[in-house]
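Per-entry structural report
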Amino acid sequence: SHGGTCCAATADDAAENGISQTSATQNNMSKSQAPATPPQTPTSTAPAAQAQATAAPPSSGGGSSGRGGNASSDGVTFEMVVTDLEKAESLAYGAAFTSFGPAGGKVPIDSAPLRQFLETNSGCPYEELDTVLLSAASNNPEGEPMHITQSQFIDILRQNAIPEAMVLEKFMNLTAGESEVVPCEDCRTALLFLKDDLRAQATSVREDRWEAVMDAAMSSAEPTVSMEAFRNFCFKEARIANVVHLAKV
């Protein structure tokens, strides 16, 4: 059955990785009526109130010391990333695509901002970037300029969340080339160490959240894990880390 017991989260895990949202509080200030006589001298509370009113606005990045974190400027939260990854990707990457200045919903494949983003926020090797972009653009109607749409852009990021060669190497190390499956427990351990290969994206995920990330990545795990399933788990973990890093949640 799906969701093998070896990888199921306990109630304590849920409490540890639960997400709580901190509601903003507002301070209401009221004016007091001063008596007609004797005249009142100004008090020192006005400068303090003015300083409070002109305090710096909160960052739009979304980071927070709370377990759940705040939402990013695009509405992405950590809870959304681990429970509805596709929606979180659409919001975060859709905002990035808009920043490239698409014309008619399309961006040319030689766009410098596009290429720089893919190089920084995906596992696509730089030397393969042209091939990946040309492959995506080849699906466009004949005669149109070489471009990609937002949906193609998001697909590229999903399909290149982590290098395929890295995933294959890790699976072969687990099996020593002698088996086509690995125990669920060994798979989870491998995913824990995978974060060391995810560069800056992994450092954006707080240490106390990695159990929640792995629970989400392995939500469909069986007692034994095939190479295809292992690949899917690795890619989902990388996709989660990539969105957390971009949205700063």
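Before going into details, it helps to say that this report is about the structure given with it. (Residues numbered from 1 in each chain as written. Predicted model: local features only at pLDDT ≥ 70, side-chain atom pairs only at ≥ 80, totals over all residues. Heavy atoms only, no water.)

1. Quick word on the overall build of the protein
- From N to C terminus, the protein includes twelve helices and four strands.
- Evaluated residue by residue, the protein yields a buried proportion of 36% over its 249 residues.
- Look at the contacts in the protein between residues 6 or more apart in sequence, and 72% of them connect residues 24 or more apart.
- Here the protein has roughly 14,500 Å² of accessible surface; of this, 52% comes from carbon and sulfur atoms. (Helix = DSSP H or I, 4+ residues; strand = E, 2+ residues; numbered from the N terminus. Buried < 20%, exposed > 50% of the residue type's maximum accessible area, 1.4 Å probe, protein only. Contact = heavy atoms within 4.5 Å. Areas by Shrake-Rupley, 256 points an atom, 1.4 Å probe, with all protein chains shown as cover.)

2. A closer look at a nonpolar patch on the surface
- On the surface, Leu168, Met172 and Met227 cluster together to form a nonpolar patch covering roughly 240 Å² of accessible area.
- By the element assignment, methionine 227 lies in helix α12 (residues 227–247).
- Note on methionine 227: relative accessible area 37%, which makes it partly exposed. (Patch = residues over 30% accessible without salt bridge, like charges linked within 9 Å, V, L, I, M, F, W, Y side chains within 5 Å. Salt bridge = Lys/Arg side-chain N within 4 Å of Asp/Glu carboxyl O.)

3. Quick look at helix α7 (residues 150–159)
- Listing the buried residues of α7 in full gives Gln152, Phe153, Ile154, Ile156 and Leu157.
- Considering only its buried residues, α7 is in contact with α4 (85–99), α5 (112–121), α6 (129–137) and β2 (147–149).

4. Here we look at the packing of aromatic side chains
- Enumeration over the complete set of coordinates arrives at eight aromatic pairs.
- A centroid spacing of 6.4 Å and a plane angle of 80° characterise the contact between tyrosine 93 and phenylalanine 153, whose relative ring orientation is edge-to-face. Pair noted here: tyrosine 93 is in helix α4 and phenylalanine 153 is in helix α7, with a separation of 60 residues, a long-range link.
- Relative accessible area serves as the criterion here: at 0%, phenylalanine 153 is assigned to the buried category.
- On the basis of an interplanar angle of 50° and a centroid distance of 5.5 Å, the ring pair of phenylalanine 117 and phenylalanine 153 is categorised as tilted. (Phe/Tyr/Trp six-rings, centres within 6.5 Å; stacked < 30°, edge-to-face > 60°.)

5. Let's talk about the packing of α5 against α7
- Running from N to C, α5 and α7 point in directions that differ by 25°, and their axes come no closer than 10 Å. By the criterion of interaxial angle, the relationship of α5 to α7 is roughly parallel. Where α5 crosses over α7, the two elements pack in a sense that is right-handed. Of α7, the residues touching α5 (which contributes Leu114, Phe117, Leu118 and Asn121) are Phe153, Ile156 and Leu157.
- Of the residues that constitute the contact of α5 with α7, the class distribution is six nonpolar, one polar and no charged. (Axes fitted to C-alpha atoms, helices over the stretch in contact; angles between N-to-C directions. Parallel < 35°, antiparallel > 145°, perpendicular 65-115°, else oblique. Left-handed = near helix turned anticlockwise from the far one by under 90°. Nonpolar A, V, L, I, M, F, W, Y, C, P; charged D, E, K, R; others polar.)

6. Points about the environment of alanine 88
- Its place among the elements puts alanine 88 in helix α4.
- Measuring from C-alpha to C-alpha, the distance between alanine 88 and threonine 77 comes to 7.8 Å, with eleven residues separating the pair along the chain.

7. Focus: the environment of alanine 217
- Structurally, the position occupied by alanine 217 is in helix α11 (residues 210–217).
- Sequence spacing of alanine 217 and glutamate 237 is 20 residues, and the spatial spacing of their C-alpha atoms is 5.4 Å.
- Excluding residues that lie within four positions of it along the chain, alanine 217 makes contacts with Phe233, Lys236 and Glu237.

8. Re α4
- With 15 residues, α4 ought to run about 21 Å at 1.5 Å a step, and its terminal C-alpha atoms sit 21 Å apart, in line with that.
- If you check which residues of α4 are buried, you get Leu85, Ala88, Glu89, Ala92, Tyr93, Gly94, Ala96 and Phe97.
- Along its buried surface, α4 packs onto α3 (78–83), β1 (106–108), α5, β2, α7 and α12. (Expected span 1.5 Å × (residues − 1).)

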